Amino acid sequence: MLRRQAWWIVLLLLVVGCKRPIKVISDSRITAFMPNAHSNGPVRPMTVAGGDPGQRKIALIDVDGLLVNQVMTGVSSDGENPIALFREKLDLIAGSPCYAAVVIRINSPGGGVTASDVMWHDLREFKARKQIPVVACLMDVGAGGAYYVATGADHVVAHPTTVTGGIGVILNLYNLVDLMNQFNVVPAAIKAGVNIDLGTPVVDQTPEGQEILQRMANEFHDRFRKVVLAARPQMAGAPAEVFDGRVFTAYQALHLKMIDSIGYLDDAVNVAAEMGGAPGAQLVAFHRVHDKAYTPYDVTPNVPLQSTMLPLSIPGFERAKLPTFLYLWQPDPTIERLTGK
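What this report covers is the structure whose coordinates are included nearby.

About the cut-offs
- Residues numbered from 1 in each chain as written.
- Predicted model: local features only at pLDDT ≥ 70, side-chain atom pairs only at ≥ 80, totals over all residues.
- Heavy atoms only, no water.
- Helix = DSSP H or I, 4+ residues; strand = E, 2+ residues; numbered from the N terminus.
- Buried < 20%, exposed > 50% of the residue type's maximum accessible area, 1.4 Å probe, protein only.
- Contact = heavy atoms within 4.5 Å.
- Areas by Shrake-Rupley, 256 points an atom, 1.4 Å probe, with all protein chains shown as cover.
- Polar contact = N/O pair within 3.5 Å; in protein donor to acceptor, adjacent residues only side chain to side chain.
- Salt bridge = Lys/Arg side-chain N within 4 Å of Asp/Glu carboxyl O.
- Phe/Tyr/Trp six-rings, centres within 6.5 Å; stacked < 30°, edge-to-face > 60°.
- Pairing = 2+ DSSP bridges.
- Right-handed = clockwise from strand over helix to strand, strands pointing away.

## A look at the overall build of the chain
When helices and strands are counted, the chain shows ten helices and 13 strands. Residue burial in the chain is summarised as follows: out of 341 residues, 45% are buried. The long-range share in the chain, meaning contacts at least 24 apart out of those at least 6 apart in sequence, stands at 76%. Total accessible area on the chain is roughly 17500 Å²; 59% of this is exposed by carbon and sulfur atoms.

## Digging into the side chain of D62
Relative to the helices and strands, D62 resides in strand β4 (residues 57-64). Accessibility expressed as a relative area gives 10% for D62, which makes it buried. A polar side-chain atom of D62 sits 2.8 Å from a polar atom in the side chain of K89.

## What to know about the pattern of salt bridges
Note that side chains of opposite charge can pair when their charged atoms are close. Summed over all chains, the structure comprises 14 salt bridges. Between R105 and D64 there is a salt bridge, and its shortest N-O distance comes to 3.4 Å. Placement of R105 in strand β5 (residues 99-108) and of D64 in strand β4 is noted, with a sequence separation of 41 residues between them. The buried category is assigned to R105, whose relative accessible area is 3%. Here the residues in one salt-bridge network are R87, D91, D122 and R129, joined through shared partners.

## Focus: the packing of aromatic side chains
Counting across every chain of the model gives six aromatic pairs. When the ring of W120 is compared with that of Y148, the centres are 5.7 Å apart and the planes differ by 75°; the resulting orientation is edge-to-face. Linking W120 in helix α3 (residues 113-130) with Y148 in helix α4 (residues 145-150), this pair joins segments that are 28 residues apart in sequence. Note on W120: relative accessible area 12%, which makes it buried. Overall, the relative accessible area of 0% leaves Y148 in the buried class. Arranged with centres 4.6 Å apart and planes meeting at 55°, the rings of F224 and Y327 form a pair that is tilted. With F224 in helix α6 (residues 207-231) and Y327 in strand β13 (residues 326-328), the pair connects residues that are 103 residues apart, well separated along the chain. Residues F224 and Y327 agree in their burial class; the two are buried.

## Description of the environment of G145
With respect to the helices and strands, the residue G145 is situated in helix α4. For G145, a relative accessible area of 0% translates into the label buried. Sequence-wise, G145 and W120 are 25 residues apart; in three dimensions their C-alpha atoms are separated by 8.9 Å. The contact partners of G145, leaving out residues within four places of it in the chain, are L67, P109, G110, G111, S116, Y327 and L328.

## Comments concerning the pairing of β5
The buried fraction of β5 is high, at nine of ten residues. Looking at chain direction, β5 and strand β7 (residues 134-143) are connected through six bridges and run parallel. Opposite V103, over in β7, you have V135 as the bridge partner.

## A look at the pairing of β7
Most of β7 is tucked away, with nine of its ten residues classed as buried. Here β7 runs beside strand β8 (residues 155-158); their pairing, made up of four bridges, is parallel. Looking across to β8, one finds that L138 is bridged to A158. Read as a crossover between parallel neighbours, the route from β7 over α4 to β8 is right-handed. Relative to strand β9 (residues 163-165), β7 is paired through three bridges, and the arrangement is parallel. Looking at the pairing, V141 lines up with V163 of β9.

## Re the environment of T162
By secondary structure assignment, the location of T162 is in the loop between β8 and β9. Residue classification places T162 among the buried positions, given a relative accessible area of 1%. The residues contacting T162, other than those within four sequence positions of it, are L138, M139, D140, G142, F248, T249 and A250. In this structure the side chain of T162 is engaged in a polar contact, spanning 2.9 Å, whose partner is the backbone oxygen of L138.

Structural data, given as structure tokens:
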């Protein structure tokens, strides 16, 4: 009996998650308290680095992980919609006179074409409304849509070991026809509109269908290129390989004028403080009530629990989870699993 109860407790821990309080009642019943993913209230400012509290502050916004317009959550795993969270923080800063500048700390391989464009647009609208300098700081990775967002800043700092670039577009498509034939599975779709199933993995793609999707990818790629050149006209003479989707080291990117300087997060904060006329100002991050925010490196976790519980991943079967064009540096074709869908 005790062994059975122990197994139930282990199972509940897996489903509920280690961060949930679990209470075992005397009659062996188990009660788990599962607060709503958004029960912690709006984000609030938390000082994460010293400075003179009497001065205007420097706001720190973290942009981490896959950038998609979805709540990054899974089985009992609290998460956030990266776009919504980004906008919420910008609006909070815009509504206060306390901030002299903003640092956007970016650690992301990119994300959806639309998601990246919305975040870039919101950042530009914020700058027009607030009229304070914005500095982007690229950490491990600032590629694809993350670099797209960074171009909306006034100054881009990259860590000495940053990987950046990825100015390209990808749409994940897989051909499962041969696999389905092995199990004698034959698609029998009823459709009106010959191209309504463009990109489906269950039938062979036609040359006409491939051309349609390629034109769309080319259009999104051209938009990416124009956004970069409009924000960074000094890249007008950059070699063609800068825009072919490849990634670069920080020193390569500096040579190509893709970034403005190389340094650490503290250096990015100092640049922002100088640009905002507030040297020595406090650095303030924005988190939910129960999030940690003890240092400038703390982030809101956005990884769904089931990704660790169910590690098996079959790219073709999971393609439909993120059926969209991506501004994404993607060496791992199963990265769409991070949405938890």
